[in-house]
Amino acid sequence: SQQGEEDPQALSIQEGENATMNCSYKTSINNLQWYRQNSGRGLVHLILIRSNEREKHSGRLRVTLDTSKKSSSLLITASRAADTASYFCATASRDTGRRALTFGSGTRLQVQP
Amino acid sequence: EPEVTQTPSHQVTQMGQEVILRCVPISNHLYFYWYRQILGQKVEFLVSFYNNEISEKSEIFDDQFSVERPDGSNFTLKIRSTKLEDSAMYFCASSPPTGAKNIQYFGAGTRLSVL
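A few points on the structure.

Focus on the sheet that holds strand β3 (residues 19-24) of chain A
Residues and elements named next belong to chain A. Spatial strand order, β1-β3-β8-β7-β6: five strands in an open sheet with antiparallel pairing. The open sheet terminates on both sides in strands that have one partner only, identified here as β1 (5-7) and β6 (55-58). Between one strand and the next, the sheet's axes are offset by a mean angle of 15°, whatever the strand orientation. Relative to strand β8 (residues 71-76), strand β7 (residues 61-66) runs antiparallel, the two sharing six bridges. In the strand pairing of β8, Leu61 is matched with Ile76.

Below you can see the structure in the form of structure tokens.
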């Protein structure tokens, strides 16, 4: 797979359900970030997990990171219609020290009221 | 809350014309970036700018592209001779001086339509 692939590509759930999105990456990283994008808008940073962390929580968000598998997951609990958006993981290569973020292809989440 | 602002929100141009996309990064940030997103595709890195010079650029950022910080607040992306395939959303981003986390703050984007 390519750098930063998310799955599923699209996810439709009912309000109140949990949504889980997965991301894979290829390079060594210092951290992995998740961003959200409402339709036609810019990206908003949601949460960052460092490479030495395995799990992190922020409100209804839970992120896990498995550096041995180069994968991460984002869980949104008790989803709301307002969570409808696209979600992207993003990484920057630790080896090169570059700051350019490489984004995954994203998961489009639709939360039905 | 401080935010990155971009103008215009939508730019329509004819193929071969020059366009300048404008951005005002968050005031105390030191790193500036341009990304683009072709409709339905990934967000792709174009260029980063630090200390008044380009620090990184991607293969997309060829001689047709240039960036400038003409004053203390604006950060611009110029496309000299637009092509149909330049049609995309262009996002400006900035990040603060404490760079270890590399959290980037994005503007709402400029939709460029090349006809």
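Considering the layout of surface pockets
One number sums up the size of the largest pocket: a volume of about 550 Å³. Forming the walls of the largest pocket are 24 residues, and the residues nearest its centre are A:Gln37, A:Ser86, A:Arg108, B:Gln37 and B:Gly40. Elements supplying a minimum of two residues to the lining of the largest pocket: β9 (85-93) and β11 (107-112) of chain A together with β9 (88-95) of chain B.

A closer look at the pattern of salt bridges
Residue and element names in this part refer to chain A. The full count for this structure, using the stated rule, is four salt bridges over all chains. A salt bridge links Arg62 to Glu55, with the shortest nitrogen-to-oxygen separation between them at 3.1 Å. For Arg62, a relative accessible area of 30% gives the class partly exposed.

Notes on the sheet that holds strand β8 (residues 75-79) of chain B
Hydrogen bonds between backbone groups are what pair the strands of a sheet, and the pairing can be parallel or antiparallel. Residue and element names in this part refer to chain B. An order of β1-β3-β8-β7 is seen for the four strands of this open sheet, with the pairing classed as antiparallel. Each of the sheet's edge strands pairs with one partner strand only, and the pair in question is β1 (5-7) and β7 (65-68). Going across the sheet, the axis of each strand differs from the next one's by a mean of 20°, ignoring polarity. Note: strand β3 (residues 19-24) against β8, five bridges, orientation antiparallel. Its bridge partner lying in β8, Arg22 is registered against Thr76.

With respect to the state of the cysteines
Residues and elements named next belong to chain B. One pass over the full model with this rule turns up two disulfides over all chains. Disulfide pairing places Cys23 opposite Cys92 at an S-S distance of 1.9 Å. Sign of the S-S torsion, about -65° for the bond between Cys23 and Cys92, identifies this disulfide as left-handed. With Cys23 in strand β3 and Cys92 in strand β9, this residue pair connects regions lying 69 residues apart in the sequence. Its relative accessible area of 0% is what places Cys23 among the buried residues.

Concerning the pairing of β3(B)
It is a general feature of regular strands that their side chains alternate between the two faces of the sheet. All names here are of chain B. Burial along β3 is one-sided: the face carrying Val19, Leu21 and Cys23 is buried and the face carrying Ile20, Arg22 and Val24 is not. Here β1 pairs with β3 via three bridges, running antiparallel. Note that in β3 the partner of Gln6 across the bridge is Cys23.

Focus: the side chain of B:Thr76
Residues and elements named next belong to chain B. Among the structural elements, Thr76 can be located in strand β8. Taking relative accessible area as the criterion, Thr76 reaches 6% and is therefore assigned buried. Setting aside residues up to four positions removed in sequence, Thr76 forms contacts with Ile20, Leu21, Arg22, Trp34, Ser66, Val67 and Glu68.

Description of the interface of chain B and chain A
Think of interface size as the accessible area that goes away when the parts come together; that is how it is often given. Chain B puts 22 residues into the contact, and the matching count from chain A is 24 residues. At the boundary of chain B with chain A, total buried surface from both sides reaches about 1900 Å², with 51% on carbon and sulfur atoms. Contact with chain A buries area across many residues of chain B, yet B:Lys42, B:Glu56 and B:Lys101 alone supply 31% of it, more than any other trio. The tally of links from chain B across to chain A stands at one salt bridge. Where B:Glu56 meets A:Arg98, a salt bridge forms, and the shortest distance between an N and an O atom there is 3.1 Å.

About the criteria used
Residues numbered from 1 in each chain as written. Chains lettered and ligands numbered in written order. Predicted model: local features only at pLDDT ≥ 70, side-chain atom pairs only at ≥ 80, totals over all residues. Heavy atoms only, no water. Pairing = 2+ DSSP bridges. Helix = DSSP H or I, 4+ residues; strand = E, 2+ residues; numbered from the N terminus. Axes fitted to C-alpha atoms, helices over the stretch in contact; angles between N-to-C directions. 1 Å grid on protein atoms, 1.4 Å probe; cavity = no way out; pocket = protein on both sides within 12 Å on 5 of 7 lines; lining within 4 Å. Points joined across faces, edges and corners; volume = space filled by probe spheres on them. Salt bridge = Lys/Arg side-chain N within 4 Å of Asp/Glu carboxyl O. Buried < 20%, exposed > 50% of the residue type's maximum accessible area, 1.4 Å probe, protein only. Disulfide = S-S within 2.5 Å. Contact = heavy atoms within 4.5 Å. Buried area = accessible area lost by both parts, 1.4 Å probe.

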